[in-house]
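A look at the structure
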Amino acid sequence: MAVVLLLLGGLVAGQVGAALGLSVEPARIPVERAEAGPGAAAVAPPKLEAIVLPEGTPERVRVAAGAVASALRDRGAAAPAIRESGSGRGLTVAVSGTGASETFRLGRDGDGLRLDAEGPAGAAGGLYTLADRIRSGAAVIPAGQDGVPVTPRLPLRLVDHGSVGLDADPARFAPGTDYGLNTDLVGSALLPDAPWVDTAAAARISGQFHEFVTHSLAQGYNGVVVPGFLEYLTFDGYQGGHAVYPEGDPHPARALALRRAFEPMWRQAHDLGMRIYFQTDMLALSPPLKALLGDRDAADPALWRVYRAGLSELLAAVPYLDGLMVRIGEGGGTYKLDGWDYSSEIAVTTAAQVRTMLTELLAELSPAGKDLIFRSWTVGVGEVGDLHTNPATYAEALDGVDDPHLIVSTKYTLGDFYSHLPLNTTLDGGSHKRIVEFQSRREFEGFGSLPDALGPLHQQALRSFLAANPNIVGLWNWTQDGGPLYAGPRALYLREGFWQLWDVNVYLTGRLAADPGLDVAAATDDWIRATFTDDPGTIKAIGRALALSREAITKGLYIGPYADTRVKALGLEPPPMMWIFEWDIATGDSAALDVVQHVTGDRIDEAIADGGRAADLVTRMHGLIEATPAAAWRDPGARDRFLAATAYERNLFTTLAAYRTTVLRHAQWLATGSSSAKTAWKTAEGDFRTAAADHRSRYGHDTALPAYNFTAAELGLAHADRDLAMAWLARGLLALLLLALAFGGPGHRLIGGRPGAAGLRALWLGLTRPLSAGRVEPGGRTDRLVVWLLPAVLLVASRSVLTAFLSVAHLVATLGAWLLFALVLRLLVRGRDPFALAAAVGGAVLLRVGLLLAALSVRGPGRYWYGFWIRPGERSVYISLAFAAFCWVFVVAALVLRTAYGAGARRAAGGVLTALGVPLLLLGSLVAGLGLERCLTWWNDQMALLPWGLSRILGITTYLGIPTILPTAVAVLGGALVLAGGALRLRRRAGEPG
């Protein structure tokens, strides 16, 4: 039997190892080379008396001409008149056609300028280019470019919707814990009842949208992605009009009200030359739609006919809509807008479902000349969980779905928007049109609160993809989107805070879309002149600070030796910034930090030094800005904000440097037992606690530069600080256990006849020869107490040591299960002496307890979990033995029921099944009632095993793919075992006690 149990334990160990699946391989990380520009002085603006446009010029060209006049005014020159006839020194615009061509020629015309374009788009683009050159103090006609045709390299240049519709109230940002991911821009205008839309709020949103659109057009973008789809649909064209929403349902009235309120906003953007794309997750749902769809599979075309009807309705209502963008890789409650019932679900998870969805939606969009932009982004859920990063999965899902109106949109990184990631290899191939996604306000690198100039990196990525794939047709740049919009700094693009820190990325990415061969350093100088100053020395100082910013970020927020590898675990590919998971949460969990230290290996000194180097780089950046005269800045307040940002970054990186040393040295001590590592850990922890307190004191109430969240870090350190004490306690308990067994075994004659001696003897026999445990006669009450109290105390103590006395949830679950098991066994022998059962089962429990205490005796719970996550050999041996010992308890219980209590094999097995089923039934029901996600969150917050941020973001169950029905299934299994056990116990052979 022991061999069988060990084999079963080995199988379990193998399955656990396969589930953890830890693997590490080197990654090809782009080498970033940032250089500062020369800081050249501004070129004098041209003198233009008029801008002469062709007769009948469309609004988009007139607005672009206005941008030129505004740029001249900003440079201190007289603004020219804008007219459709006349002469004089100025700019003449000629348009030779009405098509969509963006080609233009800008050249000198006597003492004026002439712009020739092949269509309105080219004319507007040429005017915006001229306005940018004037505003940035560049030459309006670069050398060798007089009259040369210019066509943007990428025809599709998209932006998100910026900060439009976001709440700017400081109170919304003050808690810093709103990790919701909803991005709807209409939320602040919603009313709970008719007329459904607050007209004043809608007007405010429309004004913000217009400002954002005109700014984006001036920076070279020509398309905007607007969140929303289902909320604008009535489904009045689907199966008679009331199949989705019955008569009297408020959804159609609200949808019509929303369309009336915001359609003029979309139309105005379209008239200015912006392509309009709506964006939605799939499946997008409302309660009535969810009820209609039922459990229909996403591979069933019938499901998509409902959405096709909605698309048809939308295209009729908004005929100038250019298409729909669809994401399948994220969804759920965290994306839901509070106060209304539209939601999303991750339901398209197989290649077949993807292909069906694309085929059906394209059948509606393509004949109308509209695009379907399919985002390949996924987070590991389902068969296509690696669609974003795996070319094989991409090919399986998309090959053969050929349509000129299908565009696949993909993040440029082989993962999320982190640094230290390879370029996305799925963008190197494929027959579909592709657009590349960039994020200017890096959500994982301070939400735009830290200087982080991305121009050289974006250029390197874009040029690489264009060289490899002729189907790259555009990019999509996120100016505000990404991550929780209210958990970070109160910085709203074009509206609040020091948004200029990431506007440099928006500007440079827009110019790179037109010209990937751009001199990024010189273009950065252009942006500095347009944004901050004309002073050459100040331009150069700002440029040097921005050039240093990337090295500071990539060292200060990342642990390089770990970040420069591709790590896979739990069937997922964790991000390179795993010690901060995610955004602003410094994690304290053993799974992440142990893996980071393990991968870092013998480069730990280098990893620690990088933290100090990052703080030094920021000190240099701060010094460069501080040395500039305030009078050289157009707005001295911008200089103050820049200095505040670098001071914040220096404080943050100093705090994080101490924390990285703490966790790396602690894990090093766990792995090696090195006394020097232990001393370094303790010293660094003191530094960290001091720095963290200072960080919170300075920035804890600052919504512009908010303090990072060190809650999870401190939870983890609470466990780490108890490792050594728990190790000694485990050693003491193990010594007590061995002493008790010694007096019950080889040394039993030394205490023979004394109170408790028979109890210890019975436990020894229960451990070594359980069938003999019943032969010991208890000498009194003390012996009866010993056989259950000693195993119970050691069981409770060992589990408490495992949790470092910090996890009530773990103790309730594990000890509650053991207690219920013991109570049922006691009831099975009610009316009879339970001594033999307690001795045999107690002895088997001591075997399991002894194994755990031995593992905890090394260096406490921290080393126990380090071995579990990192050391496959140790893990396999321990799990094999522990599982075998665990199962041995049930075997012993059945054996002793037969031998000591006369139960037949059937009734003994039935009794054990009942005792096993009751804990599963009751605890499974309890967890099901409370909710699996909630219970896992309680447990993990107290155990600090997995990232604390998991439950605050996607949720532990979603991220790890744990079925939420699991506790119900466990309860059902428990109920089935109870029923089976009861059925087996109903029948007994003749003479068998009842």
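Residues numbered from 1 in each chain as written. Predicted model: local features only at pLDDT ≥ 70, side-chain atom pairs only at ≥ 80, totals over all residues. Heavy atoms only, no water.

- In the nomenclature of an unreviewed UniProt entry, the protein chain corresponds to Glycosyl hydrolase family 67 from the organism Actinocorallia longicatena.

1. Some words on the packing of helix H14 (residues 536-556) against helix H17 (residues 604-626)
- H17 packs onto H14 with a crossing angle of 165 degrees between their chain directions and a minimal axis gap of 9 Å. Considering the angle they form, H14 stands roughly antiparallel to H17. Remark: the crossing between H14 and H17 carries left-handed chirality. Contacts from Ala-541, Ile-542, Arg-544, Ala-545, Leu-548, Ser-549, Glu-551, Ala-552, Lys-555 and Gly-556 in H14 reach Asp-610, Arg-613, Ala-614, Leu-617, Val-618, Arg-620, Met-621, Leu-624 and Ile-625 in H17.
- When grouped by side-chain class, the residues that make up the contact of H14 with H17 number 11 nonpolar, 2 polar and 6 charged. (Axes fitted to C-alpha atoms, helices over the stretch in contact; angles between N-to-C directions. Helix = DSSP H or I, 4+ residues; strand = E, 2+ residues; numbered from the N terminus. Parallel < 35°, antiparallel > 145°, perpendicular 65-115°, else oblique. Left-handed = near helix turned anticlockwise from the far one by under 90°. Contact = heavy atoms within 4.5 Å. Nonpolar A, V, L, I, M, F, W, Y, C, P; charged D, E, K, R; others polar.)

2. Digging into the UniProt feature "transmembrane region" (unreviewed entry) in the protein chain
- If you check UniProt for "transmembrane region" (unreviewed entry), the listed places come out as residues 725-744, 785-802, 808-828, 835-857, 877-897, 909-932 and 952-979 in our numbering.
- Secondary structure content for residues 835-857 is 96% helix and 0% strand, while the C-alpha to C-alpha distance between its ends is 31 Å. (UniProt positions renumbered as here; feature names shortened; annotations may be inferred.)

3. Examining the nonpolar core
- Leu-91, Trp-304, Tyr-307, Met-357, Leu-557 and Phe-653 are the most contacted members of the largest nonpolar core, which totals 313 residues.
- In terms of nonpolar packing, the next biggest core, distinct from the first, is built from 6 residues, Leu-166, Ala-168, Leu-485 and Leu-492 among them. (Core = buried A, V, L, I, M, F, W, Y, C linked by side-chain atoms within 4.5 Å. Buried < 20%, exposed > 50% of the residue type's maximum accessible area, 1.4 Å probe, protein only.)

4. Side note on the pattern of salt bridges
- For the coordinates displayed, the defined rule picks out 41 salt bridges.
- Ionic pairing is found between Lys-411 and Asp-416, a salt bridge with its closest N-O pair at 2.6 Å. An identical accessibility class is assigned to Lys-411 and Asp-416; each is buried.
- Counted as one network, the salt bridges with shared partners bring together Glu-32, Arg-442, Glu-445, Asp-452 and Arg-550. (Salt bridge = Lys/Arg side-chain N within 4 Å of Asp/Glu carboxyl O.)

5. Details of the pairing of strand S14 (residues 371-378)
- Counting buried positions along S14 yields 8 of 8 residues, so the element is predominantly enclosed.
- What you see with S14 is no split at all: Asp-371, Ile-373, Arg-375 and Trp-377 on one side and Leu-372, Phe-374, Ser-376 and Thr-378 on the other are buried throughout.
- Sheet topology note: the strand S12 (residues 323-329)/S14 ladder contains 6 bridges and is parallel. Each bridged residue has a counterpart across the sheet, and for Gly-329 the counterpart in S14 is Thr-378.
- For S14 and strand S15 (residues 406-411), the ladder comprises 4 bridges, and the chain directions are parallel. The residue of S15 that forms the bridge with Leu-372 is Leu-406.
- Note that the unit made of S14, helix H10 (residues 391-398) and S15 has a crossover that is right-handed. (Pairing = 2+ DSSP bridges. Right-handed = clockwise from strand over helix to strand, strands pointing away.)

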